[in-house]
Amino acid sequence: MNHPMEWTDVLWYLLVGIGCLLIGYMLGARRARRVKKRALQELNAQSLELLDAKSSLSAMQQSSSQQVRKDKLLNLTLRKLKQSNARSRNLCDLLTKQNKQH
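My aim in this report is to walk through the structure given alongside it, one point at a time. This one's a predicted model, so the numbers in the text were calculated from it and none came from an experiment.

Let us now look at the overall build of the chain. Along its length, the chain carries one helix and zero strands. The C-alpha radius of gyration of the chain comes to 43 Å, more than 25% above the 13 Å expected for a compact globule of 102 residues. On the principal axes, the C-alpha backbone points of the chain span a range of 150 × 20 × 10 Å. Each of the 102 residues in the chain was classed as buried or not, and the buried ones make up 0%. When the accessible surface of the chain is summed, it comes to about 10,300 Å², and 61% of that surface belongs to carbon and sulfur atoms. Looking at charge distribution, the chain has the averaged site of its 18 positive side-chain charges lying 23 Å from that of its 7 negative ones.

Rendered as structure tokens:
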């Protein structure tokens with residue numbers, strides 16, 4: 001026999017549908033929290049790596065600037081040494097000339 005749907009049948013389907021929606025929402029929210037937590041962990045790890053890289057870069061820049069200063073000081077010292085050697089040679093030459101004259 002074909003009988004029309006009664007209100008109790010409709011109500012049953014409606015309750016099952018609402019129950020499925022609630023279960024789906026809860027499962028989706030749970031998954032979203034897990035995904036968000038994982039994304040935050042990855043972001044924090046990347047932030048730490050970035051801070052590490054920035055720290056290394058800063059140390060290398062500082063070392064580089066110190067190296068430049070050391071190079072300048074070394075060049076200055078070398079130039080002064082060359083000048084000193086030239087003066088010493090000139091004085092030696094002058095002394096030998098004076099000794100030959102006497």
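Text resumes after the structure shown.
Here we take up a nonpolar patch on the surface. Together, I23, Y25, M26 and L27 give the surface a local cluster of nonpolar side chains, amounting to about 480 Å² of exposed area. Looking at where Y25 falls in the secondary structure, it is placed in helix 1 (residues 7–101). The exposure class assigned to Y25 is exposed, which follows from its relative accessible area of 62%.

Now for a positive patch on the surface. Residues R30, R31, R33, R34 and R38 make up a contiguous surface patch of positive charge. Considering the arrangement of structural elements, one finds R31 in helix 1. Classification of R31 by relative accessible area gives exposed; the value is 52%.

It is worth spelling out the environment of D9 at this point. Tracing the backbone through its elements, the reader meets D9 in helix 1. Once the C-alpha coordinates of D9 and Q83 are considered, the two residues, 74 residues apart in sequence, prove to be 109 Å apart.

Definitions and cut-offs
- Residues numbered from 1 in each chain as written.
- Predicted model: local features only at pLDDT ≥ 70, side-chain atom pairs only at ≥ 80, totals over all residues.
- Heavy atoms only, no water.
- Helix = DSSP H or I, 4+ residues; strand = E, 2+ residues; numbered from the N terminus.
- Rg over C-alpha atoms; globule rule 2.2 N^0.38 Å.
- Buried < 20%, exposed > 50% of the residue type's maximum accessible area, 1.4 Å probe, protein only.
- Areas by Shrake-Rupley, 256 points an atom, 1.4 Å probe, with all protein chains shown as cover.
- Lys, Arg positive; Asp, Glu negative; His and termini not counted.
- Charge placed at Lys NZ, Arg CZ, Asp CG, Glu CD.
- Patch = residues over 30% accessible without salt bridge, like charges linked within 9 Å, V, L, I, M, F, W, Y side chains within 5 Å.
- Salt bridge = Lys/Arg side-chain N within 4 Å of Asp/Glu carboxyl O.

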